[in-house]
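Next come the chains, spelled out residue by residue.
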Amino acid sequence: MKRIKLFNGTVYKQGRSFSIFIGAYSQKHAVELLEQAGHHTTLSDIVNYWHKNCWGVQMTGIETQIGVWKREERFDAKVERIV
């Protein structure tokens with residue numbers, strides 16, 4: 001069974017910033033999932049700028065699984081699954 005790897009980073013879209021949380025089998029898989037979610041990034045970005053092996057406090061209570069979640073960078077924002 002493949003181990004799920006965790007990634008978190010920030011993306012900017014239409015003048016807003018979002019925290020993105022990804023559960024994927026590899027860095028390449030994380031890029032593919034993020035593309036499915038409508039956010040462009042590169043493998044180089046994931047390797048160099050994203051946090052690995054942690055989701056962060058915002059993901060407390062969410063089971064480790066394959067997918068993409070986002071949270072707008074606002075005080076009252078909730079995490080929502082997008083893939």
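Located above this text is the structure these notes cover.
As a starting point, this report considers the structure included with it. A quick note: this is a predicted structure, and the numbers were derived from the prediction, not measured. (Residues numbered from 1 in each chain as written. Predicted model: local features only at pLDDT ≥ 70, side-chain atom pairs only at ≥ 80, totals over all residues. Heavy atoms only, no water.)

**Focus on the pairing of strand β4 (residues 67-72)**
Heads up, the condition is: Each residue's exposure class comes from its accessible area (1.4 Å probe, protein chains only) as a fraction of the maximum for that residue type: buried when under 20%, exposed when over 50%, partly exposed otherwise. Each helix corresponds to a stretch of at least 4 residues labelled H or I by DSSP, and each strand to a stretch of at least 2 residues labelled E; elements are numbered beginning at the N terminus. When DSSP locates at least two bridges between a pair of strands, those strands are taken to pair.
Buried residues dominate β4, accounting for six of its six residues. In terms of strand pairing, strand β2 (residues 16-24) meets β4 through six bridges, oriented antiparallel. Each bridged residue has a counterpart across the sheet, and for Phe-18 the counterpart in β4 is Glu-72. One ladder, built from two bridges, connects β4 with strand β5 (residues 80-81); its direction is antiparallel. If you follow Lys-70 over to β5, its bridge partner there is Glu-80.

**A closer look at the side chain of His-39**
The condition that has to hold: Whether two residues touch is decided by their heavy atoms; if any such pair falls within 4.5 Å, the residues are in contact.
With respect to the secondary-structure elements, His-39 resides in the loop between α1 (27-36) and α2 (43-49). In this view, His-39 contacts Val-11, Lys-13, Ile-20, Leu-34 and Ile-82; residues no more than four positions away in its chain are not counted.

**Here's the deal with the nonpolar core**
How we decide: Only buried residues count toward a nonpolar core. Its members are Ala, Val, Leu, Ile, Met, Phe, Trp, Tyr and Cys residues joined through side-chain atoms within 4.5 Å.
Core analysis: the biggest nonpolar cluster contains 14 residues, and Phe-7, Ile-20, Ile-22, Trp-50 and Val-68 have the highest contact counts within it. Of all the secondary-structure elements, those providing two or more residues to this core are β1 (5-13), β2 and α1. In terms of nonpolar packing, the next biggest core, distinct from the first, is built from five residues, Phe-21, Trp-55, Met-59 and Trp-69 among them.

**Brief notes about the environment of Leu-34**
Inspection of the secondary structure assignment puts Leu-34 in helix α1. With a relative accessible area of 0%, Leu-34 lands in the buried category.

**What to know about the pattern of salt bridges**
Condition: Salt bridge, as used here, is a side-chain nitrogen of Lys or Arg placed within 4 Å of a carboxyl oxygen of Asp or Glu.
Evaluation of the coordinates by the stated rule reveals four salt bridges. With a closest N to O distance of 3.1 Å, Arg-16 and Glu-72 form a salt bridge. Of this pair, Arg-16 sits in strand β2 while Glu-72 sits in strand β4, and the two are 56 residues apart along the sequence. A relative accessible area of 18% means that Glu-72 is categorised as buried.

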